[in-house]
Amino acid sequence: MRIDIVTLLPELLESPFRHSIMKRAQEKGRLEVVVHDLRPFGLGKHNQLDDYAFGGGAGMVMMIEPIANCLEALKAERDYDEIIYLSPDGQVFHQAMANRLSLHQNLILLCGHYKGVDERVREQFITMEISIGDYVLSGGELAAAVVVDAIGRLIPGVLNDESSALLDSFQDNLLAPPVYTRPADFRGWKVPEVLLSGNFPQIEEWRLEQSIVRTRQRRPDLLDGEQDVD
Ligand code: ADE
């Protein structure tokens, strides 16, 4: 999968994909993340990217022309499955959406700033809008990093033990069960006996029970299927 990220702050996206699973995904050739600086597409001698809102009001608006030129240059190179705008007024991101997006070949993520982009960008170019939660960030870059990370680890062949993605919280609308490692007894704080038993069917049963208990306590909305918007 190839993901092109269009931003006016490319520096913010230098580190997130250089480590751990995202790094491995790229080394294995499963994921390519290309960050594009909008600045060279800016207008005039100062490469202007934003302007005052028609009708007045505080805050600048990102202009359509630089964004259109950048998106059209990308679209001339390949077909994109989705052109996604990161915005607090998009659909709230969740695991089922990450699963679905991980099946695509080419995605563009457009990061907003200031008061956002000229509405005509959304009308003419954007096919999907994603919010990573009900709070406002200073720009879409950190949201884009979250979306790429959540999608990237689901691409087949990225995780070593592929079943581990299936055991994550939210797959099956359940939170993950508690996990433990050595020592089995630390200051008298003991690991549940069943995990040391070697009885794998019983261990699986315990894990499922724990997942259900944990989900009921912490996220009963998941059990109601409220997150299932497929
Ligand atoms: N840009 C600003 N806030 C955002 C959010 N919550 N999700 C996605 N993009 C954003």
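Values in this document were obtained by computation on a predicted structure and should not be read as measured data.

Colleague: Please clarify how the environment of L101 should be interpreted in this entry.
Modeller: Relative to the assigned elements, L101 resides in helix α3 (residues 95-101). Through-space distance from the C-alpha of L101 to that of V147 is 9.5 Å; in sequence the pair is 46 residues apart. Excluding residues within four positions of it along the chain, L101 makes contact with M1, E82, I84, F93, L107, M128, I130 and I151.

Colleague: What's the story with the sheet that holds strand β7 (residues 128-131) in this structure? I'm lost.
Modeller: Hydrogen bonding along the main chain pairs the strands of a sheet, whether they run parallel or antiparallel. Overall, parallel pairing links the 5 strands, which are arranged β2-β1-β6-β5-β7 in an open sheet. The strands lining the two open edges of the sheet, one partner per strand, are β2 (32-37) and β7. Between one strand and the next, the sheet's axes are offset by a mean angle of 30°, whatever the strand orientation. In the sheet, strand β1 (residues 2-7) pairs with strand β6 (residues 106-111) via 5 bridges, with the strands oriented parallel. Across the sheet, I5 pairs through a bridge with L109, a residue of β6. In the packing of helix α5 (residues 141-152) onto the sheet, the strands contacted are β1, β2, β5 (82-92), β6 and β7, and the crossing angle to β6 comes to about 155°.

Colleague: Teacher, can you tell me more about the site of the ligand here?
Modeller: The immediate surroundings of the ligand are formed by L86, S87, P88, I130, S131, I132, G133, Y135, V136, L137, G139 and A143. At 3.0 Å from a nitrogen atom of the ligand is found a main-chain nitrogen or oxygen belonging to L137. Coverage of the ligand by the protein amounts to 96% of the 260 Å² it exposes when considered alone. Of all elements in the fold, only β5 and β7 reach the threshold of two or more residues within the shell around the ligand. Examining the composition of the shell around the ligand, we find that 3 residues originate from one element, β5, more than from any other. Residues belonging to the shell around the ligand are distributed by class as follows: 8 nonpolar, 4 polar and no charged.

The rules behind each value
Residues numbered from 1 in each chain as written. Predicted model: local features only at pLDDT ≥ 70, side-chain atom pairs only at ≥ 80, totals over all residues. Heavy atoms only, no water. Helix = DSSP H or I, 4+ residues; strand = E, 2+ residues; numbered from the N terminus. Contact = heavy atoms within 4.5 Å. Pairing = 2+ DSSP bridges. Axes fitted to C-alpha atoms, helices over the stretch in contact; angles between N-to-C directions. Near = heavy atom within 4 Å. Polar contact = N/O pair within 3.5 Å; in protein donor to acceptor, adjacent residues only side chain to side chain. Areas by Shrake-Rupley, 256 points an atom, 1.4 Å probe, with all protein chains shown as cover. Nonpolar A, V, L, I, M, F, W, Y, C, P; charged D, E, K, R; others polar.

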